[in-house]
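# Structural overview for review
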Amino acid sequence: MTLGVIIVIVVALAFDFTNGFHDAANSIATVVSTRVLSPRYAVAWAAFFNFVAFLVFKTHVASTIAKDVVTQDVLTIGVVFAGLVGAIGWNLVTFYLGLPTSSSHALVGGIAGAAVARAGSHVLQSDGLRKIGVFIVLSPLIGLALGLILTLVIQWAFHKYRKVEKLNRGFRRAQLMSAAAFSLGHGGNDAQKTMGVILAVLIASGHVSKTSGVPLWVVLVAHSAIGLGTLSGGWRIVKTMGSRITRLQPVGGVAAETGAAVTLFFASAHGIPVSTTHTITGAIVGVGASSRLSAVRWGVAGQVVWAWVLTIPGAFAIAAVTSLLVQAAAR
Amino acid sequence: MTGGGIDRRAIFFVIAAAVCFALVPVAQEEFRPLAITVGVVYVVLAVLSALDAWSRSRP
C-alpha cells in the first residue's frame, strides 16, 4: 500500500470521526434533553450501537458513495483526498457555528466538487445524484410524518391512563431502546459513507477490483472511527437539536427516534446515503407539530434549513479549490 | 379554521404533500410509490388538522 493511499484512508477515518462527533450527537440529543441518560452514558450507549451496526446492515450505501456519485475512472487518490478535505472543512465550519448540517451531503458535495474540478461536469453520475437528491428532501419529510403519527398513536393509546408519572417512567425506559435503534441506523448509514470513500481509493489504487465489495477490515475500522467520534461528543449541536427546535418529553423522544430510525433502516437497506441530521430534525419537528406548530421554534429550524441548502455547494467549493491545488502540486 | 383564518398546520401539511408529489417525476422508478405514499399521508394529515381546528373553533 502506497503512502498516498494510507494518507487518504487516515483522512477518511478522520472524517468518520468528525462525522461521529458532529452527526452522532443528534442520536443522543433527545435522550439527553429528556434527562433519560446523563451525557456521559448517552454517548457511550450511542457509540456502542454505532459500532455493532456492521452486524445488521449490508454495505449498499458504501457502494453508492464509491460508484454512483461520479464515474469511477476520475476517482484518483488526489480527487478522493480533495473531496474529503472539502467535507471535513465544511463540517468544521458548521461545527464551530453550532449548525446541525449533514456530513453525508458534505461528503457527496466534496467528492463531486473535487471530481468536477479535475475532469469537468460530465463525470457526475446523474442516476446516483438523483437518488441522493430526492432523499435530501424526502428523508426529513418521512421522519417528520413518522414522528408525528407515532406521537398521535401513543397519545391515543394512553389517553385514558391517569398515572402520568408512571407513564413517563415507562417511556424513559422505552427511549433507551429507540435511541439504540437510531444509533444503529446512524452507524449503519454514516459509517458506510467512509467505507465508500476507502473502497473508492482502494479501487483507484488497484488494491481491489471494480466489482469488489467492501473488505471486512474497512468495515471494522469505519465503525470504530464513528464510535470513537461519538464518544468524544458534540455538545453545541446536541443543544440545538434537543431543546432549541422544540422541547421534548420522553414520549416525544421515543416517537422522534423511532420515526427517524425506521427512515434510516429503509435508506440503508436501499443503499441511499441520507443525513441522520435531516432525519432526526424532521422527526423532532413532527413531534412538536403534533401539538401545535407554534411549539416548533421555526427560526432555529429555518437556520438549519439554510445550513442544509448551503452544505453541498460549500463542500463542493472547498473540495474544488483543494483539487486544483493538488493538481498544481502534482505537476 | 382558527380565529377565522386558515389552520397554519394544515397549510404546512399541504405544502409538504406538494413537495412529495413534485418529487415523483424526479425520483427513480422504485422510489415513486414511496413519494406518492408520503404525499398522501400529508394530505390526510392536512385534512385531519383542518377538521381538528374547525371543531375547536366552533362555539
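Residues numbered from 1 in each chain as written. Chains lettered and ligands numbered in written order. Predicted model: local features only at pLDDT ≥ 70, side-chain atom pairs only at ≥ 80, totals over all residues.

### A closer look at the overall build of chain B
For chain B, the count of helices and strands is two helices and zero strands. Counting over 59 residues, chain B shows a buried share of 31%. The contacts of chain B with a sequence gap of at least 6 include a subset with a gap of at least 24, amounting to 65%. (Helix = DSSP H or I, 4+ residues; strand = E, 2+ residues; numbered from the N terminus. Buried ≥ 20, exposed ≤ 12 C-beta atoms within 10 Å, placed from the backbone. Contact = placed C-beta atoms within 7 Å.)

### Looking at the overall build of chain A
A count of helices and strands for chain A gives 12 helices and zero strands. When the helices and strands of chain A are placed in sequence order, the string is α-α-α-α-α-α-α-α-α-α-α-α. Taken over 331 residues, chain A has a buried fraction of 60%. Long-range pairs, those at least 24 residues apart, make up 91% of the contacts in chain A between residues at least 6 apart in sequence.

### Regarding the packing of helix α10 (residues 250-269) of chain A against helix α11 (residues 276-289) of chain A
Residue and element names in this part refer to chain A. Running from N to C, α10 and α11 cross one another at 140°; their axes reach a closest spacing of 8 Å. As far as their axial angle goes, α11 and α10 are oblique. Relative to α11, α10 is oriented so that their crossing is right-handed. Contacts between α10 and α11 involve G252, A255, A256, G259, A260, T263 and L264 from the first element and T276, T279, I280, A283, I284, G286 and V287 from the second. Broken down by class, the residue content of the contact of α10 with α11 amounts to eight nonpolar, six polar and no charged. (Axes fitted to C-alpha atoms, helices over the stretch in contact; angles between N-to-C directions. Parallel < 35°, antiparallel > 145°, perpendicular 65-115°, else oblique. Left-handed = near helix turned anticlockwise from the far one by under 90°. Nonpolar A, V, L, I, M, F, W, Y, C, P; charged D, E, K, R; others polar.)

### A word on the interface of chain B and chain A
Each partner contributes residues to the interface: chain B has 16 residues there, and chain A has 11 residues. Of the residues assigned to the side of chain B that touches chain A, the class counts are 13 nonpolar, one polar and two charged.

### Here we look at the environment of L150 of chain A
All names here are of chain A. Mapping L150 onto the fold places it in helix α6 (residues 126-157). Measuring from C-alpha to C-alpha, the distance between L150 and A260 comes to 11 Å, with 110 residues separating the pair along the chain. Excluding residues that lie within four positions of it along the chain, L150 makes contacts with A255, T258 and G259.

### Topic: the packing of helix α7 (residues 164-204) of chain A against α10 of chain A
Residue and element names in this part refer to chain A. Closest axis-to-axis distance for the α7/α10 pair is 8 Å, and the angle between their directions is 25°. Put simply, α7 runs roughly parallel to α10. Relative to α10, the crossing made by α7 is left-handed. For the contact of α7 with α10, the residue count by class is 13 nonpolar, 10 polar and two charged.

### Quick look at α7 of chain A
Between its first and last C-alpha atoms α7 of chain A spans 59 Å; for 41 residues at 1.5 Å apiece the expected length is 60 Å, and the two agree. Immediately beyond the C-terminal end of α7 of chain A, within one or two residues, lies G206 of chain A, with a positive phi of roughly 80°. (Expected span 1.5 Å × (residues − 1).)

### Looking at the environment of A53 of chain B
Along the chain, A53 of chain B falls in helix α2 (residues 32-57). The sequence separation of A53 of chain B and R8 of chain B amounts to 45 residues, and the corresponding C-alpha distance is 9.5 Å.

### Some thoughts on the environment of I136 of chain A
Within the secondary structure, I136 of chain A sits in helix α6. Sequence separation between I136 of chain A and V274 of chain A is 138 residues; the distance between their C-alpha atoms is 6.6 Å.

### Structural notes on α11 of chain A
Relative to the 20 Å expected for 14 residues at 1.5 Å per residue, α11 of chain A spans 20 Å between its end C-alpha atoms, a close match to the ideal helical length. When you tally the buried positions in α11 of chain A, you get 14 out of 14 residues, the bulk of the element.

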